[in-house]
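Residues per chain, in single letters:
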Number of protein chains: 2
Amino acid sequence: MAEVIIRNKYVVTKSHIDGAPEESDFSISEQLLSLKPTNNNNKNVVVVKNLYVSIDPYQINRMKAHSSSHKAISFSAAILPGQVIEAFGVGRVMESGHPDLETGDLVSGLLCWGEYTVVEDGQSLQKLDASLGFPLSYYAGGVLGSSGITAYGGFFQVCKPKKGDNVFVSAASGSVGLLVGQYAKLFGCYVVGCAGTKEKVDFIKEKIGFDDAFNYKEETNLKSTLQRYFPKGIDIYFDNVGGEMLEAVVENMNAFGRIAVCGVISEYTNSYLSKGKLDMIGVIYKRIRIEGFLSIDFDDTLQQQFFSATTQHLHSGELKAIEDISYGVESIPMAFIGLFRGNNVGKKLVRIAED
Amino acid sequence: MAEVIIRNKYVVTKSHIDGAPEESDFSISEQLLSLKPTNNNNKNVVVVKNLYVSIDPYQINRMKAHSSSHKAISFSAAILPGQVIEAFGVGRVMESGHPDLETGDLVSGLLCWGEYTVVEDGQSLQKLDASLGFPLSYYAGGVLGSSGITAYGGFFQVCKPKKGDNVFVSAASGSVGLLVGQYAKLFGCYVVGCAGTKEKVDFIKEKIGFDDAFNYKEETNLKSTLQRYFPKGIDIYFDNVGGEMLEAVVENMNAFGRIAVCGVISEYTNSYLSKGKLDMIGVIYKRIRIEGFLSIDFDDTLQQQFFSATTQHLHSGELKAIEDISYGVESIPMAFIGLFRGNNVGKKLVRIAED
C-alpha cells in the first residue's frame, strides 16, 4: 500500500507560561505525518483524526516552569515549548496498529490540540458506541467524559453526600461545577453555586435549577456572604477555585463537613498571594475532611455507575449538558485563554473537523 | 447523716486570654462544697476528690473570646472567667448519687482544675480497674487516657498506615506526639519527629526510638529540611502544630498522603499570621487527604483495641509512658503556661493529692 502523507496543524506554547496565558504565548505548528509509518516497531500505534478537543484549565499547570506537585502523575507532565499538547478529545481512527481498533472507528481519549493525533498505544483509547445517540462532543472531556466522571466521582465518592446536605459549588457555571450542582440536586441536596457574572448566576438558578447562587465578584466579605446563603452551615463544598473562598468555607462549615478539592483556578495563574489561610483549629473542632482527587483514580465500578446514571439522566432530560464550542485549531489558544477570563459557560470545546 | 462541708480550692481565669497565657491571667478561688447536697434533685451527682488532673494545650482555645470553631462540640465550650475549669483527671469518689459508683471508687473522666469536682452526671465517669497495676496518672489524660486514644485513633483510623510508610510527627516530644511515634515504630513505619530543643530531639531519638529527629528552631527553610529528612517523601503527617510546618509538609508529601490534624499549637496563642498557606494544587495532584479529628468520636471498638494494644505494649515494655508532673493546685497555672513555652516533655500532669 502506498504511503499517505498528511499535513497536521497543531498548537504549541512558545515558552513556559507563569501568569495568565496570552495569545502571544501560543503558535500553530505544522508537521507531516505518514499514515503507514515505515519504522513500525510499535504495533499499537493509532493515527486519529481529531473531531473535538477539550479545553481544560488544568493544562495551565503543565505549561508552568516545572513544579513539584506535578511529578506525582504522568498525565500532568510538563508541556514543553514547541511540542504537541495532549488533551482529551474525540476522533476517528484513520490508521490502526492496534487489534481492537479499525479505520473508521470513533474513539475518545487523550488526543491533542491539533488536527490529527499519533497515539502511541491504542490501548489508551475507548471505542465509542454511536448507537446511544449522544452527540460526539459529550465524550470529549464533557458530560460523558472527564468532566462528568470528575463531577460524579468527586461528589459521590469523595464528598459522600446524604440527602438534605447543604452543598456549595464554586465555579458553578463551569463544566464540572454545572454537573456537580445537577447531581447534587437529583440526589436531594440543597445546592448553592457561585460564579463571576450576573448572567452566569441567573443561568445556573433559572436554567439549571440551583437553589440559589451569587456573584462572588460583588461580595466584599465572603465569610458573611456564605453565612447569608447557608444560615445552617455548609456540609459539602465542591471546590473548583481554592484561595479565599476555601478559607471562607471552612469558617462556615458544619461538623463533619467534607471538601472535595477539584480545582484551584484562583491559583493557576497567580502564585502565592491568593492562597487561602485555613483555620486549622476549625478543621479540628469541626472534624473537617479536605481531600484532593483526580478522576483517573476512580475504579471501574464507579465508572460504570457514572456512565449508567448519567446516560439515564440525559435520556430522561433531568440532566443538561451545557457546551461552549469554538471552531478550528486556530481557535484553541483563545478558547483556552478565555477559561481564565471567565468567558465560558459549561464545557469548553473546540470542534476541529466535521468528520 | 450529718452534712459534711469541705473547702475546695480551684483555678479560674480572670478574663478571656487572647495571646500566650501569663501567670497574672489566673487566680485560685475557694468555695464550700456540701457532701450531702440538700437540694438533691439530680440523683446522679458524684463528688470526686481529684488526684491527678491533665494539663492540655487545647484548653487555651476555650479561654479565648468565643470563636465559631468551638460551637461544634460541647466540651469545647468557652471557659468563663471566674468559673470552674473542666479538665481530664483521675480521682476518688467521696459521695455518689449514681448507682454504679461508690464512695472510695477510683474514677477517670472530666474533672476540674481544683481539689474536688462536683460531677453532675456520674455516667460520664469511668471506674478504674486498679488490678491492672498501672500508675493512676496513666489514666489522667495520659497514655491510657485522652492522649493515648488520640494518638492511637488518630494514627490508625485517620492516617490508615501501611508498613514501611514514612511518618512525620510534629511536637514529637509532647504527650500525643511521643505516643504516635512509638505506635508508628511498633507498626513498622519509618518515623521522624521534630521538637523545639536539642534535649528533646536527643530524647526522642535515643530514649524513645524515633528513627530521626530535628530541632525546627534551628532550621531556616522547613521545606528543604523535610526534603533532607524524607528524601523519598512523606506518606503520613501527624500534625500537632499547624502553620508553616503544615505548609512545608504538603510540599514534601507523596501521592495519596494523609494528614491527621490533631493540634495547631502554633495558632493557639497568635492569630492570623502563622496560618499555613497550603499548596492546594499539590493537594489535588497528590490526592492528599487532610482531616481534623477529635478523640471523642472514636467508637467503642476502637477504644477497646486501643486499650488492649496499649496495655500489652506497656506490660511488655515496648511502649514508654513519659510524664512531667507538678504538684498541687497552685502549680496548675504555671504548668499550663509552660506548655506554650515548650517546657514539658511527655504528658503534663498536676498531682493534686496523695490519695
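Everything numeric in this text was worked out from a predicted model, so none of it was measured.

**Let's talk about the domain arrangement of chain A**
Residues and elements named next belong to chain A.
Phase 1 of the analysis: For chain A, the assigned domains are domain 1 (5–142 + 322–351) and domain 2 (146–295).
Phase 2 of the analysis: Computed from C-alpha coordinates alone, the two centres of domain 1 and domain 2 are separated by 29 Å.
Phase 3 of the analysis: With 22 residues of domain 1 at the contact, the number on the domain 2 side is 15 residues.
Phase 4 of the analysis: A buried area of about 1,300 Å², summed over both sides, lies between domain 1 and domain 2, and 63% of it is on carbon and sulfur atoms.
Phase 5 of the analysis: Ranking the residues of domain 1 by area buried against domain 2 places Gly 142, Ile 322 and Val 345 at the top, with a combined share of 26%.
Phase 6 of the analysis: At the boundary of domain 1 with domain 2, the tally comes to 0 salt bridges.

**Quick word on the pattern of salt bridges**
Phase 1 of the analysis: What the rule picks out here adds up to 32 salt bridges over all chains.
Phase 2 of the analysis: Residue B:Arg228 is joined to B:Glu219 by a salt bridge in which the shortest nitrogen-to-oxygen separation is 3.2 Å.
Phase 3 of the analysis: You can call B:Arg228 exposed: its relative accessible area is 51%.
Phase 4 of the analysis: B:Glu291 is the salt-bridge partner of B:Arg289, the closest N and O atoms lying 2.8 Å from each other. Per residue, the accessibility class of B:Arg289 equals that of B:Glu291, and both read buried.
Phase 5 of the analysis: One connected set of salt bridges, linked through shared partners, spans A:Lys223, A:Glu247 and A:Glu251.

**Considering the relation of the copies chain B and chain A**
Mapping between the two copies of the chain is achieved by a rotation about an axis and a shift along the axis.
Phase 1 of the analysis: Superposition record for chain B on chain A: RMSD 0.0 Å, screw rotation 180°, translation along axis 0.0 Å. Look at the turn and shift together and you get a two-fold axis relating the two.
Phase 2 of the analysis: Of the residues that chain B buries at the interface, 100% are likewise interface residues in chain A, meaning the two copies contact each other through the same surface.

**Quick word on unusual backbone geometry**
Phase 1 of the analysis: The phi angle at A:Lys160 is positive, at roughly 45°, despite the residue not being glycine.
Phase 2 of the analysis: By secondary structure assignment, the location of A:Lys160 is in the loop between α2 (146–158) and β8 (166–169).
Phase 3 of the analysis: Looking at A:Lys160, the relative accessible area reads 49%, which means it is partly exposed.
Phase 4 of the analysis: The phi torsion at B:Phe256 lies on the positive side, around 65°, for a residue other than glycine.

**Details of the packing of aromatic side chains**
Phase 1 of the analysis: A full pass over the atoms with the stated rule returns 35 aromatic pairs over all chains.
Phase 2 of the analysis: With a centroid separation of 4.7 Å and an interplanar angle of 50°, the aromatic rings of A:Tyr152 and A:Phe156 are classed as tilted. Placement of the pair is A:Tyr152 and A:Phe156 together in helix α2, with a separation of 4 residues, close to one helical turn.
Phase 3 of the analysis: With centroids separated by 5.9 Å and ring planes inclined at 75°, the aromatic side chains of B:Phe168 and B:Phe230 adopt a geometry described as edge-to-face. Separated by 62 residues along the polypeptide, B:Phe168 in strand β8 (residues 166–169) and B:Phe230 in the loop between α5 (222–229) and β11 (234–239) bring together distant segments of the chain. A single burial state applies to B:Phe168 and to B:Phe230, both of which are buried.
Phase 4 of the analysis: Taken together, the aromatic side chains of A:Tyr152, A:Phe155, A:Phe156, A:Tyr183, A:Phe187 and A:Phe306 make up a single cluster linked through ring pairs.
Phase 5 of the analysis: The aromatic ring of A:Phe187 is capped on one face by A:Lys163, whose charged end is 4.4 Å from the ring centroid.

**Remarks on the packing of α5(B) against helix α6 (residues 243–251) of chain B**
All names here are of chain B.
Phase 1 of the analysis: It is at 9 Å that the axes of α5 and α6 come closest, and there the two elements cross at 50°. Our classification of the angle between α5 and α6 gives oblique. α6 is crossed by α5, and the crossing has right-handed handedness. Counted together, Leu 222, Lys 223 and Leu 226 of α5 and Glu 244, Met 245, Glu 247, Ala 248, Val 249 and Glu 251 of α6 form the full contact between these two elements.
Phase 2 of the analysis: Of the residues that constitute the contact of α5 with α6, the class distribution is 5 nonpolar, no polar and 4 charged.

Procedures and definitions
Residues numbered from 1 in each chain as written. Chains lettered and ligands numbered in written order. Predicted model: local features only at pLDDT ≥ 70, side-chain atom pairs only at ≥ 80, totals over all residues. Heavy atoms only, no water. Domains from an automatic or database assignment. Contact = heavy atoms within 4.5 Å. Buried area = accessible area lost by both parts, 1.4 Å probe. Salt bridge = Lys/Arg side-chain N within 4 Å of Asp/Glu carboxyl O. Buried < 20%, exposed > 50% of the residue type's maximum accessible area, 1.4 Å probe, protein only. Least-squares fit on C-alpha atoms with pLDDT ≥ 70 in both. Helix = DSSP H or I, 4+ residues; strand = E, 2+ residues; numbered from the N terminus. Phe/Tyr/Trp six-rings, centres within 6.5 Å; stacked < 30°, edge-to-face > 60°. Lys NZ or Arg CZ within 6 Å of the ring centre and 35° of its normal. Axes fitted to C-alpha atoms, helices over the stretch in contact; angles between N-to-C directions. Parallel < 35°, antiparallel > 145°, perpendicular 65-115°, else oblique. Left-handed = near helix turned anticlockwise from the far one by under 90°. Nonpolar A, V, L, I, M, F, W, Y, C, P; charged D, E, K, R; others polar.

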